[in-house]
Amino acid sequence: MSKHDHRNPGIVTASFYFDALYTECICDGIHVCPNTLKTFYKIVGPDRFMIVTDALLGKHSKVDKFQLFNLDCTYRNGAFYLVEAGNLAGSALYMNQGLKNVRNYCGASLVELAKVSSYNQAKSLHLDDRGLLEAGKLADIVLLDEELNVKNVFKLGKEVYKA
């Protein structure tokens with residue numbers, strides 16, 4: 001992805017300008033520093049912002065090294081890096097930690113967090129059967145406590161996880 005540059009506007013700058021675009025951000029504090037995330041959120045707003053994790057399967061493993069498409073990766077300081085090149089390969093971010101980060105860095109309300117973590121994603125993909133808690137919608141629900149820790153997960157209305 002092209003970077004934000006004041007002399008050569010790229011895709012990040014386009015996301016600021018075009019109101020019809022939804023924007024995704026890896027909110028781990030590594031891919032995008034907290035102050036940049038705060039600025040990005042302020043410009044785009046909660047109606048077009050979407051948290052994504054960019055998480056690799058390795059986040060669920062205790063293994064610090066693995067291969068991704070024949071490239072050696074290693075876990076270091078909360079993210080995965082390519083061993084040879086040293087650049088980021090992906091995140092180890094859990095979605096609820098992304099919520100915590102957006103709340104802490106950007107001052108987002110609970111309603112805004114619901115938008116940026118589920119509603120906007122469903123809306124952007126035209127998935128009219130989800131994204132809201134109302135009759136007739138799919139009952140895929142994650143219940144969080146006050147600290148945004150996962151307490152329960154429901155898939156199609158059936159509990160599949162309880163902390």
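In the block above lies the structure referred to throughout.
Reading the values: rules and limits
Residues numbered from 1 in each chain as written. Predicted model: local features only at pLDDT ≥ 70, side-chain atom pairs only at ≥ 80, totals over all residues. Heavy atoms only, no water. Helix = DSSP H or I, 4+ residues; strand = E, 2+ residues; numbered from the N terminus. Expected span 1.5 Å × (residues − 1). Buried < 20%, exposed > 50% of the residue type's maximum accessible area, 1.4 Å probe, protein only. Contact = heavy atoms within 4.5 Å. Polar contact = N/O pair within 3.5 Å; in protein donor to acceptor, adjacent residues only side chain to side chain. Phe/Tyr/Trp six-rings, centres within 6.5 Å; stacked < 30°, edge-to-face > 60°.

Caption draft 1: Helix H3 (residues 95-106), seen in detail. Relative to the 16 Å expected for 12 residues at 1.5 Å per residue, H3 spans 16 Å between its end C-alpha atoms, a close match to the ideal helical length. Listed in full, the buried residues belonging to H3 are Asn96, Gly98, Leu99, Lys100, Asn101, Val102 and Cys106. In this structure, the buried side of H3 is in contact with helix H2 (34-44), strand E2 (49-52), helix H4 (110-124), strand E7 (141-144) and strand E8 (150-155). Taken from the residues just after H3, glycine 107 is the one with a positive phi, measuring 70°.

Caption draft 2: Just the side chain of aspartate 28, in detail. Assignment of secondary structure puts aspartate 28 in the loop between strand E1 (23-26) and H2. In terms of polar contacts, aspartate 28 uses its side chain to reach the backbone amide nitrogen of histidine 31, at 2.8 Å. The contact partners of aspartate 28, leaving out residues within four places of it in the chain, are Ser91, Leu93 and Asn101.

Caption draft 3: Representation of the packing of aromatic side chains in the model. For the coordinates displayed, the defined rule picks out 6 aromatic pairs. Ring centres of phenylalanine 16 and phenylalanine 40 lie 5.6 Å apart, and the angle between their planes is 50°; on these two criteria the pair is classed as tilted. In this pair, phenylalanine 16 is assigned in helix H1 (residues 11-17) and phenylalanine 40 in helix H2, connecting sequence segments 24 residues apart. Centre to centre, the rings of phenylalanine 66 and phenylalanine 80 are 5.2 Å apart; their planes meet at 80°, and the pair counts as edge-to-face. Of this pair, phenylalanine 66 sits in strand E3 (residues 65-68) while phenylalanine 80 sits in strand E5 (residues 79-82), placing them 14 residues apart in sequence.

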